[in-house]
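Survey of secondary and tertiary structure
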Amino acid sequence: MADQTKILTAEQERELRRPIDDYVGGIQEQINALRKDGTDRVIDIQSALDSLKRDRIYTAQEKEARRAKLQKELEQAKAVEAKNKNEIAKLIAGAEGYLKANYNKYFQAVEASCVQEKAQAQAKYQATVEQLNKAHQETVAKLTDAQEIKDEKYVHKNRLFDAKMQLAKDLQDVKDHRHAAFEHQYHLIDLLRMSKFTFGESAAQRWENYKYNFNIRNFLLRNGLYLAIAVVFIAMCILAPTVKKVDLLTPNNILNILQQASPRMFLALGVAGLIMLAGTDLSIGRMMGMGITAATIVMHKGINTGGVFGYIFDFTGMPVIARVILALVVCIVLCTIFTTIAGFFTAKFKMHPFISTMSTMLMIFGLTTYATKGVSFGGIESGTADTPGIPDMIIPKLGPEGGTKFPTIVLWALAAVVIVWFIWNKTTFGKNLYAVGGNPEAASVSGISVFKVTMGAFIMAGILYGFGSWLECIRMTGSGSASYGQGWEMDAIAACVVGGVSFTGGIGKISGVVTGVFIFTALTYSLTTLGIDANLQFVISGVIILVAVMLDCLKYVQKK
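Residues numbered from 1 in each chain as written. Predicted model: local features only at pLDDT ≥ 70, side-chain atom pairs only at ≥ 80, totals over all residues. Heavy atoms only, no water.

**So, the nonpolar core**
Ranked by internal contacts, the top residues of the largest apolar core, which has 93 residues, are Leu 269, Met 299, Tyr 465 and Trp 470. Every residue in contact with Leu 269, bar those within four places of it in the chain, is listed here: Ala 416, Val 417, Val 420, Leu 464, Ile 510 and Val 513. (Core = buried A, V, L, I, M, F, W, Y, C linked by side-chain atoms within 4.5 Å. Buried < 20%, exposed > 50% of the residue type's maximum accessible area, 1.4 Å probe, protein only. Contact = heavy atoms within 4.5 Å.)

Right, dumping it as structure tokens:
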């Protein structure tokens, strides 16, 4: 046991690992010889065929002749591969069996050595610190000049810092030593199987790499806010049964949160694209008010009681489904018009989105309020016992009578998430969005149209705002007015920031936006359930936004 816990020298470690490397290396040589005219040849020929497709040197006839020749060679190589397949599998199984039987003994010896090396590094550091402190005290005792004493203290502080840095280096060397020993086994398996690992082996490597790269400071920068919010939620879940005699974590409450979050998801997904461009949008709340007012007018139950610029609209002659579609089109068109205006001034004249969207915010609110005199337009077609209403047609709740029902409005939000994720990650526009957000000058030099990307982001935002306001109108069964949606822009922007979409541009994920929306919706719902004053909720939201942006700035500074 004593031999296993002593510190291994490099020579001792090589000797301990040599039987493993020799045995597995010998098998690997046999496998390589069997793969030479089989698997290796198949890979080379397939690569040559792929290159031939892109090659413009040869004529069509020469390409066809070369392809036929390569295809014939490929068939021969595959025949050799099939012939040697079973023998290679036996050799791999033998090598893996030997690794399982012997590698752990070597790795445990290295681990035990690393423990001793770590303790030795700590002891060395403590001894160095004690020696430096002793020498410092002796030197200071001999000095009488105040400036000399101050200089000595400065020098001593630097020496202590150097000792601490040396300790960090020694500990990192120990960490690297253990990690290299762990990875060597998978390096051997990688060569044997040609990078084909089982699920368990891949999971073990991911966990090892996570531990190896883990840094508490970076972890807190990435997840500190989430941890703090989680603690707040846990505290509220504990307090709710005591203070308000209600349980927060019930199926109905969770479904209510999902239902309320769904329209907000559209708004957050829209503004996320603008934040990706290092911008923002202050007009979201007013877009919501304009959209829900327009949708209510079109889907209103009976003749509208209020007018638009003095004109009373009557859509009762249209089929209900036609009115629903018309309302959606009107919402999208109106929102897209104003986002396009803001986008044009931002893209064409390099105007900051803060100014361009603030301008459209004022225009939207002024026009909507003036046109409608600020009145509410009542409810939409809600249906009767025999005839389903618009909410039952578009966002029905599924489930047994008297039981918990699932709000299908969540499916609309899910569809939006999938579509926007696809646009961001699988299309040229999405890649250009990241490029322009990260560095618009470099993107322009590389041939990307910054104007088109910016306009595209604003237009996409307008479409999503229109969908969101239309869904919110149906969810709330109308009651549209110009003042509806006030403050929603802060919720949407905050959800993006909390979800990791950086104001520095070019950084963000759809999964983060989704997380941010759920966090803010759940927080608002929980605070309301607990009876927290709405004004205090604004304070809490402000603190969360401030901390989120602070952490984002710290991450940006760290990268710089």
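Don't stop here, the text continues.
**Points about the packing of helix 13 (residues 409-426) against helix 16 (residues 450-475)**
When two helices pack together, their arrangement is captured by the angle between the axes and the distance separating the axes. Between helix 13 and helix 16, the shortest axis-to-axis distance is 11 Å and the interhelical angle comes to 175°. What the angle tells us is that helix 13 and helix 16 run roughly antiparallel. Residues Ile 409, Trp 412, Val 420, Ile 423 and Trp 424 of helix 13 form the contact with helix 16, whose own contacting residues are Met 460, Leu 464, Phe 467, Trp 470, Leu 471 and Arg 475. (Axes fitted to C-alpha atoms, helices over the stretch in contact; angles between N-to-C directions. Helix = DSSP H or I, 4+ residues; strand = E, 2+ residues; numbered from the N terminus. Parallel < 35°, antiparallel > 145°, perpendicular 65-115°, else oblique.)

**Here's the deal with unusual backbone geometry**
Here the phi dihedral of Ser 195 falls at roughly 70°; this positive angle occurs in a residue that is not glycine. Among the secondary structure elements, Ser 195 is positioned in the loop between helix 5 (146-193) and helix 6 (199-213). Given a relative accessible area of 51%, Ser 195 falls into the exposed group.

**Description of helix 16**
With 26 residues, helix 16 extends 37 Å from end C-alpha to end C-alpha; this agrees with the ideal 38 Å at 1.5 Å per step. For helix 16, the tally of buried residues reaches 20 of 26 residues, placing the bulk of the element in the interior. Positive phi appears at Thr 477, one or two residues downstream of helix 16, with a value of about 50°. (Expected span 1.5 Å × (residues − 1).)

**Looking at the environment of Phe 219**
Residue position: Phe 219 is located in helix 7 (residues 216-243). Taking C-alpha positions, Phe 219 is 42 Å from Gln 147, a pair spaced 72 residues apart along the chain.

**Notes on the packing of aromatic side chains**
Evaluated as defined, the whole model comprises 21 aromatic pairs. The interplanar angle of 65° and the centroid separation of 5.9 Å between the aromatic rings of Phe 107 and Phe 182 together place this pair among those described as edge-to-face. Highlighted residues: Phe 107 in helix 4 (residues 60-142) and Phe 182 in helix 5, separated in sequence by 75 residues. Residue classification places Phe 182 among the buried residues on the basis of a relative accessible area of 14%. An angle of 85° between the planes, with centres 6.0 Å apart, marks the rings of Trp 424 and Tyr 434 as edge-to-face. Here Trp 424, found in helix 13, pairs with Tyr 434, found in helix 14 (residues 428-438); they are ten residues apart in sequence, far enough to count as distant. Linked through ring pairs, Phe 107, Phe 182, Tyr 186 and Phe 197 together constitute an aromatic cluster. Across from the ring centre of Tyr 212, 5.7 Å away, lies the NZ or CZ of Lys 175, which sits over that ring. If you follow Lys 373 out to its NZ or CZ, it ends over the ring of Tyr 370, 5.0 Å from the centre. (Phe/Tyr/Trp six-rings, centres within 6.5 Å; stacked < 30°, edge-to-face > 60°. Lys NZ or Arg CZ within 6 Å of the ring centre and 35° of its normal.)

**A look at the pattern of salt bridges**
A complete count under the given rule lists 13 salt bridges for this structure. The shortest N-O distance in the salt bridge between Glu 11 and Arg 14 comes to 2.7 Å. Of this pair, Glu 11 and Arg 14 both sit in helix 2 (residues 10-36), three residues apart, roughly one helical turn. The class of Glu 11 is partly exposed, set by a relative accessible area of 39%. (Salt bridge = Lys/Arg side-chain N within 4 Å of Asp/Glu carboxyl O.)

**Focus: the state of the cysteines**
What the rule picks out here adds up to zero disulfides. Cys 331 supplies the cysteine sulfur nearest to Cys 335, a cysteine that is in no disulfide, at a spacing of 6.4 Å. According to the relative accessible area criterion, Cys 335 is buried, its value standing at 0%. Note on Cys 473: no disulfide assigned, nearest cysteine sulfur contributed by Cys 331 at a separation of 6.9 Å. (Disulfide = S-S within 2.5 Å.)

**Section: the environment of Trp 488**
Structurally, Trp 488 can be placed in helix 17 (residues 488-498). Separated by 221 residues in sequence, Trp 488 and Leu 267 place their C-alpha atoms 8.5 Å apart. The contacts of Trp 488, once residues within four sequence positions are left out, are Arg 264, Leu 267, Gly 285, Met 288 and Glu 472.

**Focus on the side chain of Arg 323**
On the secondary structure map, Arg 323 appears in helix 10 (residues 320-349). Here Arg 323 is in contact with Val 298, Met 299, His 300, Lys 301, Phe 315, Thr 316, Met 318 and Glu 381, once residues within four sequence places are set aside.

**Re the side chain of Arg 193**
Note that Arg 193 resides in helix 5. What makes Arg 193 buried here is its relative accessible area of 16%. Of the polar contacts made by the side chain of Arg 193, one reaches the side chain of Glu 96; its length is 2.4 Å. There is a polar contact of 3.0 Å between the side chain of Arg 193 and the backbone oxygen of Lys 196. With residues near it in sequence (within four places) discarded, Arg 193 still touches Arg 35, Ile 92, Glu 96, Thr 198 and Glu 201. (Polar contact = N/O pair within 3.5 Å; in protein donor to acceptor, adjacent residues only side chain to side chain.)

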